Amino acid sequence: MQTKLAERKIIAENTTEITLDLQNQEFKFKAGQYVNLCFETLPHHDPRGTCREFSISSSPKEEGILRTAFRHSHSGFKRTMLSMPLGTSVAIDGPFGLFTIPKRQIAPVVLIAGGIGVTPFMSMIKSMTLDKNPLQVTLITSNSTIERAPFRDELKRLTKENQNFTLHENIGHLTPKFIRAAVEDMADQIYYLAGPPKMVHDIREALKGAGIDDDNILAEEFVGYE
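What counts, and at which threshold
- Residues numbered from 1 in each chain as written.
- Predicted model: local features only at pLDDT ≥ 70, side-chain atom pairs only at ≥ 80, totals over all residues.
- Heavy atoms only, no water.
- Salt bridge = Lys/Arg side-chain N within 4 Å of Asp/Glu carboxyl O.
- Helix = DSSP H or I, 4+ residues; strand = E, 2+ residues; numbered from the N terminus.
- Buried < 20%, exposed > 50% of the residue type's maximum accessible area, 1.4 Å probe, protein only.
- Pairing = 2+ DSSP bridges.
- Axes fitted to C-alpha atoms, helices over the stretch in contact; angles between N-to-C directions.
- Contact = heavy atoms within 4.5 Å.

Turning next to the pattern of salt bridges. The full count for this structure, using the stated rule, is 13 salt bridges. The partner of Arg157 in a salt bridge is Glu161, and the shortest N-O contact between them spans 2.6 Å. Taken together, the residues Arg157 and Glu161, both in helix α3 (residues 152-161) and four residues apart, mark about one turn of the helix. Judged by its relative accessible area of 37%, Arg157 is partly exposed. Note that Arg204 and Asp214 form a salt bridge whose closest N and O atoms lie 2.6 Å from each other.

The following block contains the structure:
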(Lines give C-alpha, C1' and ligand atoms only; values in the text may rest on other atoms or scores of the structure.)
Protein backbone atom coordinates (compact mmCIF):
# COMPACT_ATOMS: atom_id res chain seq x y z
CA MET A 1 0.00 0.00 0.00
CA GLN A 2 1.30 3.43 -0.92
CA THR A 3 0.89 6.26 1.62
CA LYS A 4 2.27 9.76 2.06
CA LEU A 5 3.99 11.43 4.99
CA ALA A 6 1.38 13.79 6.46
CA GLU A 7 2.98 14.95 9.71
CA ARG A 8 6.16 14.67 11.76
CA LYS A 9 6.17 15.57 15.46
CA ILE A 10 8.76 15.49 18.26
CA ILE A 11 7.24 13.57 21.20
CA ALA A 12 10.31 13.34 23.46
CA GLU A 13 14.02 14.04 23.38
CA ASN A 14 15.46 12.44 20.21
CA THR A 15 12.08 10.81 19.52
CA THR A 16 9.67 11.49 16.65
CA GLU A 17 6.18 10.33 15.75
CA ILE A 18 5.16 10.36 12.09
CA THR A 19 1.65 10.30 10.64
CA LEU A 20 1.03 8.61 7.30
CA ASP A 21 -1.97 9.51 5.15
CA LEU A 22 -3.69 6.33 3.97
CA GLN A 23 -5.29 8.32 1.13
CA ASN A 24 -8.78 6.88 1.65
CA GLN A 25 -7.45 3.32 1.50
CA GLU A 26 -8.76 0.75 3.96
CA PHE A 27 -6.07 -0.63 6.26
CA LYS A 28 -7.16 -3.01 9.01
CA PHE A 29 -4.93 -3.95 11.92
CA LYS A 30 -5.09 -4.91 15.59
CA ALA A 31 -3.74 -2.68 18.33
CA GLY A 32 -0.21 -3.85 19.13
CA GLN A 33 0.75 -4.95 15.62
CA TYR A 34 3.57 -3.58 13.46
CA VAL A 35 4.20 -2.74 9.80
CA ASN A 36 7.11 -2.66 7.41
CA LEU A 37 7.77 0.82 6.00
CA CYS A 38 9.72 1.13 2.76
CA PHE A 39 11.15 3.89 0.57
CA GLU A 40 11.81 3.43 -3.12
CA THR A 41 15.24 4.97 -2.61
CA LEU A 42 17.17 6.44 0.34
CA PRO A 43 19.01 9.75 -0.08
CA HIS A 44 21.13 8.61 2.88
CA HIS A 45 22.73 5.21 2.26
CA ASP A 46 21.78 2.44 4.66
CA PRO A 47 23.45 -1.01 4.46
CA ARG A 48 20.32 -2.58 5.96
CA GLY A 49 18.26 -1.54 2.97
CA THR A 50 15.20 0.56 2.23
CA CYS A 51 12.70 -1.05 4.66
CA ARG A 52 12.25 -1.16 8.46
CA GLU A 53 9.73 -2.60 10.92
CA PHE A 54 7.81 -0.15 13.11
CA SER A 55 5.13 -0.71 15.76
CA ILE A 56 1.90 1.18 15.17
CA SER A 57 1.11 3.88 17.74
CA SER A 58 -2.32 4.89 16.41
CA SER A 59 -5.58 3.12 17.19
CA PRO A 60 -7.46 1.03 14.59
CA LYS A 61 -10.32 3.45 15.26
CA GLU A 62 -8.36 6.38 13.78
CA GLU A 63 -9.45 6.09 10.17
CA GLY A 64 -7.44 7.45 7.28
CA ILE A 65 -4.10 7.67 9.08
CA LEU A 66 -1.39 5.47 10.53
CA ARG A 67 1.13 6.59 13.15
CA THR A 68 4.41 5.20 14.40
CA ALA A 69 7.26 6.51 16.53
CA PHE A 70 11.00 5.99 16.69
CA ARG A 71 14.18 7.08 18.39
CA HIS A 72 16.59 9.12 16.28
CA SER A 73 19.80 7.48 15.09
CA HIS A 74 22.56 7.93 12.54
CA SER A 75 21.20 5.22 10.22
CA GLY A 76 20.44 6.22 6.65
CA PHE A 77 16.85 5.07 7.06
CA LYS A 78 16.19 7.14 10.18
CA ARG A 79 17.93 10.17 8.67
CA THR A 80 15.62 9.83 5.66
CA MET A 81 12.59 9.60 7.94
CA LEU A 82 13.63 12.81 9.67
CA SER A 83 14.49 14.80 6.53
CA MET A 84 11.95 13.69 3.92
CA PRO A 85 9.49 16.44 2.89
CA LEU A 86 5.82 16.17 3.78
CA GLY A 87 4.07 14.37 0.95
CA THR A 88 6.89 11.89 0.36
CA SER A 89 5.62 8.46 -0.69
CA VAL A 90 6.05 5.64 1.84
CA ALA A 91 5.03 2.04 1.18
CA ILE A 92 3.38 -0.02 3.93
CA ASP A 93 3.52 -3.81 4.15
CA GLY A 94 1.56 -5.64 6.81
CA PRO A 95 0.19 -5.64 9.42
CA PHE A 96 2.19 -8.28 11.27
CA GLY A 97 2.48 -9.64 14.80
CA LEU A 98 0.54 -11.41 17.54
CA PHE A 99 1.44 -8.93 20.30
CA THR A 100 -2.21 -8.00 20.83
CA ILE A 101 -4.80 -8.12 23.61
CA PRO A 102 -7.59 -10.65 22.94
CA LYS A 103 -11.12 -9.26 22.80
CA ARG A 104 -12.18 -11.51 25.67
CA GLN A 105 -9.22 -10.97 27.99
CA ILE A 106 -10.47 -11.79 31.49
CA ALA A 107 -7.53 -11.06 33.78
CA PRO A 108 -6.24 -7.49 34.31
CA VAL A 109 -3.28 -6.52 32.14
CA VAL A 110 0.08 -4.98 33.08
CA LEU A 111 2.02 -3.34 30.24
CA ILE A 112 5.74 -2.75 30.92
CA ALA A 113 7.57 -0.54 28.43
CA GLY A 114 11.22 0.36 28.16
CA GLY A 115 11.73 3.61 26.24
CA ILE A 116 10.25 3.57 22.73
CA GLY A 117 8.80 0.13 23.56
CA VAL A 118 5.72 2.05 24.68
CA THR A 119 4.71 2.51 21.01
CA PRO A 120 2.48 -0.60 20.62
CA PHE A 121 0.99 0.06 24.06
CA MET A 122 -0.14 3.50 22.89
CA SER A 123 -2.19 1.79 20.20
CA MET A 124 -3.66 -0.64 22.74
CA ILE A 125 -4.55 2.00 25.33
CA LYS A 126 -6.07 4.41 22.81
CA SER A 127 -8.08 1.57 21.29
CA MET A 128 -9.41 0.38 24.64
CA THR A 129 -10.26 3.95 25.64
CA LEU A 130 -12.19 4.61 22.42
CA ASP A 131 -13.97 1.24 22.73
CA LYS A 132 -14.80 1.90 26.40
CA ASN A 133 -13.26 -1.48 27.16
CA PRO A 134 -13.73 -2.30 30.90
CA LEU A 135 -10.43 -4.19 31.09
CA GLN A 136 -8.21 -2.99 33.93
CA VAL A 137 -4.85 -1.90 32.46
CA THR A 138 -1.70 -0.77 34.27
CA LEU A 139 1.14 0.74 32.23
CA ILE A 140 4.65 1.00 33.65
CA THR A 141 7.02 3.10 31.55
CA SER A 142 10.77 3.25 32.12
CA ASN A 143 13.09 5.90 30.69
CA SER A 144 16.54 7.23 31.52
CA THR A 145 15.15 10.78 31.97
CA ILE A 146 11.76 12.50 31.97
CA GLU A 147 12.77 14.30 28.76
CA ARG A 148 13.19 10.96 26.96
CA ALA A 149 9.74 9.64 27.92
CA PRO A 150 7.62 9.28 24.74
CA PHE A 151 3.91 10.18 24.72
CA ARG A 152 4.07 11.42 28.32
CA ASP A 153 1.42 14.16 28.00
CA GLU A 154 -0.88 11.97 25.93
CA LEU A 155 -0.65 9.11 28.42
CA LYS A 156 -1.54 11.44 31.29
CA ARG A 157 -4.55 12.65 29.32
CA LEU A 158 -5.67 9.07 28.71
CA THR A 159 -5.64 8.34 32.45
CA LYS A 160 -8.31 11.03 32.79
CA GLU A 161 -10.37 9.69 29.90
CA ASN A 162 -10.18 6.04 30.92
CA GLN A 163 -10.90 5.21 34.56
CA ASN A 164 -9.65 1.65 33.98
CA PHE A 165 -6.17 2.82 32.96
CA THR A 166 -3.38 3.51 35.46
CA LEU A 167 0.06 4.95 34.63
CA HIS A 168 3.27 4.53 36.63
CA GLU A 169 6.44 6.30 35.42
CA ASN A 170 9.89 5.00 36.33
CA ILE A 171 13.02 7.07 35.72
CA GLY A 172 16.28 5.14 35.68
CA HIS A 173 16.74 1.39 36.03
CA LEU A 174 13.43 -0.46 36.40
CA THR A 175 13.52 -2.73 39.44
CA PRO A 176 11.27 -5.55 40.64
CA LYS A 177 10.58 -3.43 43.73
CA PHE A 178 9.07 -0.68 41.56
CA ILE A 179 6.85 -3.21 39.77
CA ARG A 180 5.67 -4.74 43.06
CA ALA A 181 4.74 -1.28 44.34
CA ALA A 182 2.81 -0.46 41.16
CA VAL A 183 0.91 -3.73 40.74
CA GLU A 184 -1.55 -5.15 43.24
CA ASP A 185 -2.15 -8.90 43.25
CA MET A 186 0.74 -9.58 40.88
CA ALA A 187 -0.15 -13.25 40.40
CA ASP A 188 -3.58 -12.39 38.98
CA GLN A 189 -2.34 -10.32 36.01
CA ILE A 190 -1.30 -10.89 32.40
CA TYR A 191 2.00 -9.16 31.53
CA TYR A 192 3.08 -7.59 28.25
CA LEU A 193 6.74 -6.51 27.94
CA ALA A 194 8.21 -4.32 25.20
CA GLY A 195 11.61 -2.68 25.02
CA PRO A 196 15.33 -3.39 24.63
CA PRO A 197 16.15 -7.15 24.71
CA LYS A 198 18.11 -7.03 27.98
CA MET A 199 15.34 -5.10 29.75
CA VAL A 200 12.72 -7.55 28.48
CA HIS A 201 14.83 -10.54 29.56
CA ASP A 202 15.54 -9.13 33.02
CA ILE A 203 11.91 -8.21 33.72
CA ARG A 204 10.67 -11.58 32.46
CA GLU A 205 13.09 -13.36 34.82
CA ALA A 206 12.07 -11.08 37.71
CA LEU A 207 8.39 -11.84 37.09
CA LYS A 208 9.05 -15.57 36.92
CA GLY A 209 11.04 -15.26 40.15
CA ALA A 210 8.00 -13.63 41.72
CA GLY A 211 5.89 -16.66 40.81
CA ILE A 212 4.34 -15.44 37.56
CA ASP A 213 3.69 -18.28 35.11
CA ASP A 214 5.72 -17.84 31.91
CA ASP A 215 2.52 -18.46 29.91
CA ASN A 216 1.17 -15.20 31.39
CA ILE A 217 4.10 -13.15 30.07
CA LEU A 218 4.10 -11.92 26.47
CA ALA A 219 7.10 -10.05 25.13
CA GLU A 220 8.23 -8.01 22.14
CA GLU A 221 11.89 -7.07 21.89
CA PHE A 222 12.91 -3.86 20.14
CA VAL A 223 16.16 -5.05 18.60
CA GLY A 224 18.61 -2.53 17.20
CA TYR A 225 17.04 0.97 17.11
CA GLU A 226 19.02 1.68 13.93
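Backbone-to-backbone hydrogen bonds join strands into a sheet, with any given pair of strands oriented parallel or antiparallel. One open sheet accounts for five strands, arranged β9-β8-β7-β10-β11; its pairing is parallel. Whereas interior strands pair on both sides, the edge strands pair on one side only; in this sheet they are β9 (165-171) and β11 (217-221). On average, each strand axis in the sheet is tilted by 15° relative to the strand beside it, whichever way the strands run. Sheet analysis places strand β7 (residues 109-114) next to strand β8 (residues 137-143), joined by six bridges and oriented parallel. Residue Val110 lies in a different strand from β8, and its bridge partner there is Thr138. Running at roughly 150° to β9, α3 makes contact with β8 and β9 of the sheet. Helix α5 (residues 197-209) rests against β7, β10 (190-195) and β11 of the sheet, and its axis sits at about 160° to β10.

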